[in-house]
Amino acid sequence: MKQTEPDDVWQFVRNHAAEKRAALTVRLDGKTVVNVNGDVSLPLASTMKIIVAIEYARQAAEGRIDPKKRVPLQALERYFIPRTDGGAHAAWLGSVERLGDGESVPLREVARGMIAYSSNANTDFLLALLGLEEVNRVLALFGLKRHEPIYPLAGSLFVPVQLVHEHGGNRKQAIQALKEMSLSDYRQRAIALHERFASSPPTKAEKKALYRLMSVPNQRIWSDRLARSTTEEYVSIMARLNSRSLLSESVHSFLSPVLEQLMESPENREWLARAGKKGGSTAFVRTEALYATTKDGRQLELALFADGLTMLDGARLSNGLNEFQLRLIRDEASRDKMVEVFR
């Protein structure tokens, strides 16, 4: 892993392009310079949280929600499922201890934690607060035709648990029913469970049953059913956020503190005018979407999606991704080399 190089990222895309396991779209100064499998739908994992962040900012700008309003941590706990988020929610809680009284945090910090730490609990709380239908209307606002509907994360984890109960405890029958279930029915079950959790969170027995079902094959079923989209669509989102061409300045005033946390670094502010990104991962998926404008006016938008990863694939992509993106923005020779490879 210490030998991971930024070039490993685009090499992975090139090596797996024919299998349609990887997609990469890069746009530079308004022109698409790389587009590999840009129209192939792949699981988004947490990169879809960009859409939730946009709706949060829209409702804040309209005065429908108050980013300063304090949110009880107990309200977030309803959607927190330990051992399913890579420690994201616990890490976020540790980061906001100084901001609260130990019992609540401002709503804006819930949104920031969804992006910076990728807390699934924060995401599901925001889906309940903002409204699932409202969040999915963002897809139409941005003209996204291939983006699948966003639906709750915790609720989807417990669909197999529900099926085990319905099949009298027979896990084999339950998993077979899950495999045969339509995506539409699966989403509806996830939504119904999500709505239940608002007042009646998962019990200890349900969580115990979930952990018994978390084999690698069952995790793959969950991962495969996550909302999908294409790198072309996410680059189009990034381009509109980067150019400020769709949403009002009022919306961006609430969105930028959530999505552009890269700009909190004094070093980044020395050479970047703006930059925002969100990544996502499961045991099989690694995704990333980014936009950046340098102080000398160069604009970059990028989306990279990969699926069917081994543990080593995922680690190599994650380790090389930040430097890969940095070189695309700052190093013309590295950028020209990659563009030539995919020409």
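About the cut-offs
- Numbering of residues starts from 1 in each chain and follows the order in which that chain's sequence is written.
- Only residues with pLDDT of at least 70 get local features here, since the model is predicted, and only at 80 or more are side-chain atom pairs given and counted; chain-wide, interface and lining totals rely on the full set of residues.
- Excluded from the side-chain calculation are hydrogens and water; included are all heavy atoms of the structure.
- Secondary structure elements follow DSSP: runs of H or I no shorter than four residues count as helices, runs of E no shorter than two count as strands, and numbering proceeds from the N terminus.
- In this description the radius of gyration comes from C-alpha coordinates, and the expected globular size is given by 2.2 Å times residues to the power 0.38.
- Note on contacts: a residue pair is in contact if any heavy atoms of the two residues lie within 4.5 Å.
- Per-residue accessibility takes into account occlusion by the displayed protein chains alone, with areas from the Shrake-Rupley method and a 1.4 Å probe.
- In this count, Lys and Arg are taken as positive residues and Asp and Glu as negative ones, while His and the chain termini are left out.
- Lys charges are placed at NZ, Arg charges at CZ, Asp charges at CG and Glu charges at CD.
- To qualify as a nonpolar core, a set must consist of buried Ala, Val, Leu, Ile, Met, Phe, Trp, Tyr and Cys residues joined through side-chain atoms within 4.5 Å.
- Relative accessibility under 20% of the residue-type maximum defines a buried residue, over 50% an exposed one, and the middle range a partly exposed one, all with a 1.4 Å probe and only protein chains included.
- Within 3.5 Å is the distance limit for a polar contact, defined as a pair of N or O atoms, with the added protein rule that one can donate a hydrogen and the other accept it, and that residues adjacent in sequence qualify only through two side-chain atoms.
- Every angle, taken between N-to-C directions, lies between 0 and 180 degrees, and every axis is a line fitted to C-alpha atoms, over only the stretch in contact when it is a helix.
- It is the rotation of the near helix from the far one that decides the hand of a crossing: anticlockwise by less than a right angle makes it left-handed, clockwise makes it right-handed.
- Throughout this entry, Asp, Glu, Lys and Arg are counted as charged residues, while Ala, Val, Leu, Ile, Met, Phe, Trp, Tyr, Cys and Pro are counted as nonpolar. The remaining residues, Gly among them, count as polar.
- Paired strands, as defined in this entry, are two strands with at least two bridges between them according to DSSP.
- For this analysis, a salt bridge means a side-chain nitrogen from Lys or Arg found within 4 Å of a carboxyl oxygen belonging to Asp or Glu.
- Oblique is the label for any angle not covered by the other classes, which are roughly parallel (under 35 degrees), roughly antiparallel (over 145) and roughly perpendicular (65 to 115).

Caption draft 1: A look at the overall build of the chain. A count of helices and strands for the chain gives 18 helices and 9 strands. What you see for the chain is a C-alpha radius of gyration of 20 Å, in line with the 20 Å of a compact globule of 343 residues. Projected onto its principal axes, the C-alpha positions of the chain cover 60 × 45 × 40 Å. Once local pairs closer than 6 in sequence are excluded, the contacts in the chain between residues at least 24 apart make up 72%. On the chain, roughly 15600 Å² of surface is accessible, and the fraction owed to carbon and sulfur atoms is 48%. Looking at the chain, you have 48 positive and 42 negative side-chain charges, and the mean spots of the two groups are 3 Å apart.

Caption draft 2: Broad picture of the nonpolar core. Judged by nonpolar contacts, the single largest core of 83 residues is most densely connected at Tyr234, Ile237 and Leu241. Excluding residues within four positions of it along the chain, Tyr234 makes contact with Leu44, Thr47, Met48, Ile50, Ile51, His147, Ser229, Ala289, Ala303 and Phe305.

Caption draft 3: Seen up close, the side chain of Ser229. Along the polypeptide, Ser229 turns up in strand E6 (residues 228-229). Assessed through its relative accessible area of 0%, Ser229 is described here as buried. A distance of 2.7 Å separates the side chain of Ser229 from the side chain of Glu233, its partner in a polar contact.

Caption draft 4: Here's a closer look at the packing of helix H2 (residues 49-61) against helix H14 (residues 231-243). Packing of H2 against H14 brings their axes to within 12 Å, and their N-to-C directions diverge by 35 degrees. Taken as a pair, H2 and H14 cross one another with a handedness that is left-handed. Of the residues in H14, those touching H2 at Ile50, Ile51 and Ile54 are Tyr234, Ile237, Met238 and Leu241. Class assignment of the residues belonging to the contact of H2 with H14 gives a composition of 7 nonpolar, no polar and no charged.

Caption draft 5: Quick look at the pairing of strand E1 (residues 22-28). Among the 7 residues that make up E1, 6 are buried, leaving the element largely enclosed by the rest of the structure. Judged from the 7 bridges that link them, E1 and strand E9 (residues 299-306) form a sheet pairing that is antiparallel. For Ala22, the partnering residue across the bridge sits in E9 and is Ala306. Of the pairings in the sheet, the one linking E1 to strand E2 (residues 31-36) comprises 5 bridges and is antiparallel in character. By the bridge assignment, Thr25 is partnered in E2 with Asn35. Connecting the antiparallel pair E1 and E2 is a turn made up of 2 residues, with Asp29 showing a positive phi of about 50 degrees.

Caption draft 6: Geometry of the sheet that holds E2. As summarised here, the arrangement of the 5 strands in space is E2-E1-E9-E8-E7, forming an open sheet in which the pairing is antiparallel. Unpaired on one side and paired on the other, E2 and strand E7 (272-281) mark the two borders of the sheet. For this sheet, the mean angle separating the axes of adjacent strands, direction not counted, is 5 degrees.

Caption draft 7: Examining the pattern of salt bridges more closely. Counted by the stated rule, this structure contains 21 salt bridges. Note that Glu134 and Arg64 form a salt bridge whose closest N and O atoms lie 3.8 Å from each other. One end of the pair, Glu134, is in helix H7 (residues 132-141); the other, Arg64, is in the loop between H2 and strand E4 (70-72), with 70 residues separating them in the sequence. Given the relative accessible area of 45%, Arg64 is considered partly exposed. The salt bridge involving Lys277 is made with Glu288; its shortest N-O contact spans 3.4 Å. Here Glu288 lies in strand E8 (residues 286-294) and Lys277 lies in strand E7, a separation of 11 residues in the sequence. In this structure, a network of salt bridges that share partners links the residues Glu62, Arg64, Glu133, Glu134 and Arg137.

Caption draft 8: Quick peek at helix H9 (residues 159-166). Looking at H9, one finds that the buried residues are Val159, Pro160, Val161, Leu163 and Val164. The secondary structure elements touched by the buried residues of H9 are helix H8 (153-157), helix H10 (171-180), helix H11 (183-197) and helix H12 (204-212).

Caption draft 9: Spatial organisation of the packing of H2 against helix H6 (residues 120-130). It is the contact of H2 with H6, at a shortest axis distance of 10 Å, that shows an interaxial angle of 45 degrees. Between H2 and H6, the angle falls in the class oblique. H2 and H6 meet at a crossing whose hand is left-handed. Contacts between H2 and H6 involve Lys49, Val52, Glu55, Tyr56 and Gln59 from the first element and Asn120, Thr123, Leu126, Leu127 and Leu130 from the second. In the contact of H2 with H6, the residues fall into 5 nonpolar, 3 polar and 2 charged.

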